[in-house]
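Analysis of the macromolecular model
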Amino acid sequence: MAHEYVILVAGPMGAGKTTAIAALSEIPVISTDAVNTDLARNAKATTTVALDYGEITLGDGDKVRLYGVPGQERFDFMWRILERRALGLLLLIDSASHDPLGDLEFYLTAFQSLGQRGAIVVGVTRRDLKPAPSIAAYNAKLAQLGYLLPVFAVDARASAQVRTMLSTLVAMVEARSSATMAASGGAA
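Residues numbered from 1 in each chain as written. Predicted model: local features only at pLDDT ≥ 70, side-chain atom pairs only at ≥ 80, totals over all residues. Heavy atoms only, no water.

This paragraph deals with the layout of surface pockets. Taken as a whole, the largest pocket holds about 280 Å³ of empty space. Lining the largest pocket are 13 residues, and of these Tyr-5, Val-173, Glu-174, Ser-177 and Ser-178 lie nearest its centre. Among the elements that make up the lining of the largest pocket, the one with the highest residue count is helix H6 (residues 159-183) (7 residues). Looking at the lining of the largest pocket residue by residue, the class counts come to 5 nonpolar, 5 polar and 3 charged. Taken as a whole, the second largest pocket holds about 230 Å³ of empty space. Along the wall of the second largest pocket there are 14 residues; nearest its centre are Thr-125, Arg-126, Asp-155, Ala-156 and Arg-157. For the lining of the second largest pocket, a count of residues per class yields 5 nonpolar, 4 polar and 5 charged. (1 Å grid on protein atoms, 1.4 Å probe; cavity = no way out; pocket = protein on both sides within 12 Å on 5 of 7 lines; lining within 4 Å. Points joined across faces, edges and corners; volume = space filled by probe spheres on them. Helix = DSSP H or I, 4+ residues; strand = E, 2+ residues; numbered from the N terminus. Nonpolar A, V, L, I, M, F, W, Y, C, P; charged D, E, K, R; others polar.)

What follows covers the confidence of the model for the protein chain. Averaged over the protein chain, the pLDDT score is 87; the fraction of residues at 70 or greater is 88%. By mean pLDDT, strand E2 (residues 30-35) is the weakest element of the protein chain at 64, and strand E7 (residues 151-153) is the strongest at 98. (pLDDT = per-residue confidence, 0-100.)

For strand E4 (residues 63-68), the tally of buried residues reaches 5 of 6 residues, placing the bulk of the element in the interior. In the sheet, strand E1 (residues 4-10) pairs with E4 via 6 bridges, with the strands oriented parallel. The residue of E4 that forms the bridge with Ile-7 is Leu-66. (Buried < 20%, exposed > 50% of the residue type's maximum accessible area, 1.4 Å probe, protein only. Pairing = 2+ DSSP bridges.)

On to the pairing of E1. Where burial is concerned, most of E1 is hidden: 6 out of the 7 residues are buried. In terms of strand pairing, E1 meets strand E5 (residues 88-94) through 4 bridges, oriented parallel. Bridged to Leu-8 within E5 is Leu-89.

Here Arg-65 lies in strand E4. At 3.0 Å, the side chain of Arg-65 forms a polar contact with the side chain of Glu-4. Filtering out sequence-adjacent residues up to four positions away, Arg-65 remains in contact with Glu-4, Tyr-5, Val-6, Ile-7, Tyr-53, Gly-54 and Glu-55. (Polar contact = N/O pair within 3.5 Å; in protein donor to acceptor, adjacent residues only side chain to side chain. Contact = heavy atoms within 4.5 Å.)

The full count for this structure, using the stated rule, is 5 aromatic pairs. Ring centres 5.3 Å apart and planes at 35° place the aromatic pair Trp-79 and Phe-111 in the tilted group. Highlighted residues: Trp-79 in helix H2 (residues 76-83) and Phe-111 in the loop between helix H3 (100-110) and helix H4 (112-117), separated in sequence by 32 residues. Each member of the pair, Trp-79 as well as Phe-111, is classed as buried. Three or more aromatic residues joined by ring pairs form one cluster here, namely Trp-79, Phe-106, Tyr-107 and Phe-111. (Phe/Tyr/Trp six-rings, centres within 6.5 Å; stacked < 30°, edge-to-face > 60°.)

With that settled, the discussion passes to the nonpolar core. By size, the foremost hydrophobic cluster in this structure holds 27 residues, and its most contacted members are Leu-8, Leu-89, Leu-91, Leu-104, Phe-111 and Val-122. It is H3 that provides the largest number of residues to this core, a total of 4 residues. If near-sequence neighbours (up to four positions away) are discounted, Phe-111 is found in contact with Leu-8, Ala-10, Val-69, Trp-79, Arg-80, Glu-83 and Leu-89. Core analysis: the second largest hydrophobic core is formed by 23 residues, Tyr-5, Ile-56, Leu-58 and Ala-119 among them. (Core = buried A, V, L, I, M, F, W, Y, C linked by side-chain atoms within 4.5 Å.)

Quick look at the structure:
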């Protein structure tokens, strides 16, 4: 029986959320981009102000609905609205940002409730521009924060790389669901 998964794509402005959704989506991405008025934070021309939306069908017929949330904290009300139905989070962190490890901690804290009931996979983007911190440093930061999560170096434009992250996340969601059902005495 096919399942439906609602997955959020989150992270700071410029981390590649819209690009990653476009790399995966089978439909034209629905986007709510507006002129970027926070050029001091990121020099890109536009930024997402409500959401990005795309869909992908996995090989077994499962449907994944991808919702990209705005990266700016002032739009966090959209985070709360969209995370209600979400089962997992693709967290993209821009390696070239001023403080990528701080960004990692911030977004894990912001989406802590989703992490407690769903699953999270971390993708580090733009390592071609700034390869440090290393993936090992991200893993060490996660361990310091009490998380054991998969971390991928990913090019958000590369469909195969983003699909690997998504497949990992869906497998984690399914494993958690099976474990929950088994613990409650139900069949998986």
